Amino acid sequence: PRFGVNLTSDNLAMGIIKDKPILRTILQKALQSITLQERDKLTNSSPSSISEVNKGIIFSKEELEFLKSNPTIKVANQLGWKPFDYYENSKPDGYSIDLITILLKKVGLNIEFVSGRWSELQEDFKNKDIDLFPVLAKNKKREESMNFTPSYIKLHQAIITQRNENSIKSMKDLKGRSVALVKGWNITKLIAKNYPELNIIYVDTTKEKLEAVAYGEADATIDSFTIGIFFFSSFFLDIWASSTASK
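Rules used in this analysis
Residues numbered from 1 in each chain as written. Predicted model: local features only at pLDDT ≥ 70, side-chain atom pairs only at ≥ 80, totals over all residues. Heavy atoms only, no water. Helix = DSSP H or I, 4+ residues; strand = E, 2+ residues; numbered from the N terminus. Buried < 20%, exposed > 50% of the residue type's maximum accessible area, 1.4 Å probe, protein only. Contact = heavy atoms within 4.5 Å. Areas by Shrake-Rupley, 256 points an atom, 1.4 Å probe, with all protein chains shown as cover. Pairing = 2+ DSSP bridges. Arc of directions from axis to C-beta. Axes fitted to C-alpha atoms, helices over the stretch in contact; angles between N-to-C directions. Parallel < 35°, antiparallel > 145°, perpendicular 65-115°, else oblique. Nonpolar A, V, L, I, M, F, W, Y, C, P; charged D, E, K, R; others polar. Salt bridge = Lys/Arg side-chain N within 4 Å of Asp/Glu carboxyl O.

Caption draft 1: Region of the structure containing the overall build of the protein chain. When helices and strands are tallied, the protein chain shows 9 helices and 14 strands. The buried share of the protein chain, taken over its 247 residues, is 49%. Across the protein chain, every contact between residues at least 6 apart in sequence was considered, and the portion connecting residues at least 24 apart equals 74%. Taken as a whole, the protein chain presents about 11900 Å² of accessible surface, with 48% of it coming from carbon and sulfur.

Caption draft 2: Spotlight on unusual backbone geometry. Residue Pro83 follows Lys82 across a cis peptide bond; omega there is 5 degrees. Along the chain, Pro83 falls in the loop between β4 (80–81) and β5 (85–88). Here the phi dihedral of Asn89 falls at roughly 55 degrees; this positive angle occurs in a residue that is not glycine. Relative to the assigned elements, Asn89 resides in the loop between β5 and β6 (91–93). Judged by relative accessible area, Asn89 falls into the exposed class, the value being 66%. Positive phi, close to 65 degrees, is recorded for Lys128, a residue that is not glycine. Within the secondary structure, Lys128 sits in the loop between α5 (118–126) and β8 (132–137).

Caption draft 3: Structural context of the sheet that holds β6. The strand order across the open sheet formed by 3 strands is β4-β5-β6, and the pairing between neighbours is antiparallel. Two strands close off the open sheet at either side, each with one partner strand: β4 and β6.

Caption draft 4: Here's a closer look at helix α3 (residues 61–69). Restricting attention to buried positions, one finds in α3 the residues Glu63, Phe66 and Leu67. Taken end-on, α3 shows its buried residues confined to a sector of 100 degrees, consistent with a single buried face. Opposite its buried face, α3 presents the exposed residues Lys61, Lys68 and Ser69, each directed more than 90 degrees away. At its buried positions, α3 is contacted by α1 (21–33) and β3 (72–78).

Caption draft 5: Looking closely at the packing of α1 against helix α4 (residues 95–106). Packing of α1 against α4 leaves a shortest axis separation of 9 Å and a crossing angle of 105 degrees. When the axis of α1 is compared with that of α4, the two are roughly perpendicular. Residue-level inspection shows Leu27, Ala30, Leu31 and Ser33 of α1 in contact with α4, the latter providing Leu99, Ile100, Leu103, Leu104 and Lys106. In terms of residue class, the contact of α1 with α4 is built from 7 nonpolar, 1 polar and 1 charged.

Caption draft 6: Seen up close, the pattern of salt bridges. Counted by the stated rule, this structure contains 14 salt bridges. Among the salt bridges present, the one from Glu211 reaches Lys207, with a minimum N-O distance of 2.4 Å. Here the residue Glu211 and the residue Lys207 both occupy positions in helix α8 (residues 206–214), the gap between them amounting to 4 residues, near one helical turn. In this structure Lys207 comes out as partly exposed when scored by relative accessible area, which is 31%. Through salt bridges with shared partners, a single network forms among Arg117, Lys183, Asp204 and Glu208.

Caption draft 7: Just the side chain of Gln78, in detail. By secondary structure assignment, the location of Gln78 is in strand β3. Note on Gln78: relative accessible area 7%, which makes it buried. Setting aside chain neighbours within four positions, we find Gln78 in contact with Asp85, Tyr86, Tyr87, Gly116, Trp118, Leu121, Val135 and Trp185.

Caption draft 8: Local environment of the packing of α1 against α3. Contact geometry of α1 with α3 gives a least axis separation of 10 Å together with a crossing angle of 100 degrees. Relative to α3, α1 is oriented roughly perpendicular. On the side of α1, the interface is formed by Ile22, Leu23, Thr25, Ile26 and Lys29, while α3 contributes Glu62, Glu63, Phe66 and Leu67. A per-class count over the contact of α1 with α3 returns 5 nonpolar, 1 polar and 3 charged.

The structure is reproduced here in structure tokens:
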């Protein structure tokens, strides 16, 4: 892949509905209890083979009452944000899906996934049909309705183009060009606000925006090195990424 510009960095965390502040403290304790060995196993093992319930975690009286009265937590699952959060082979999958599964198992809670497109999940969250998002960027708007855990993933954003595209090396080179972005995402809103000269093509998933670039429907997209490389290696899309430059 060709990665053009280090536009920004996203620190990704879990976002929990404001109505359940104790759930955040419980998840934070569970995060702190995960060992390096367990983190290493996340990409290679089934979550069911990793953790033991309540191992080494001490809960307050309020937390114990919450666990007792809230046995099942509804977790958002995006359809196509590989490798962190996606739906494949009729089930949720990804690093963040495995992580939240482990955390909830550690504290003795059941998990119910709510799968859908980003716009659908946002609506479900507003309707209180979702308790938490396992991975998303923190911003002021989201802080109005969510409590966040400490960040556990850092992504460096970049411009992604077709392999033979040599004229796009910075954000200024995208002026008047078509850029595929996922509607509703934090970075999409930031780009639309700060770069109004771009011709934004809105899509529903990461795969769709990378395919738009690979198949010539868009000149570029913006995503992280990690995700771009994953799609390049997994789907052999004709995309490319060059060295970083903050412009």
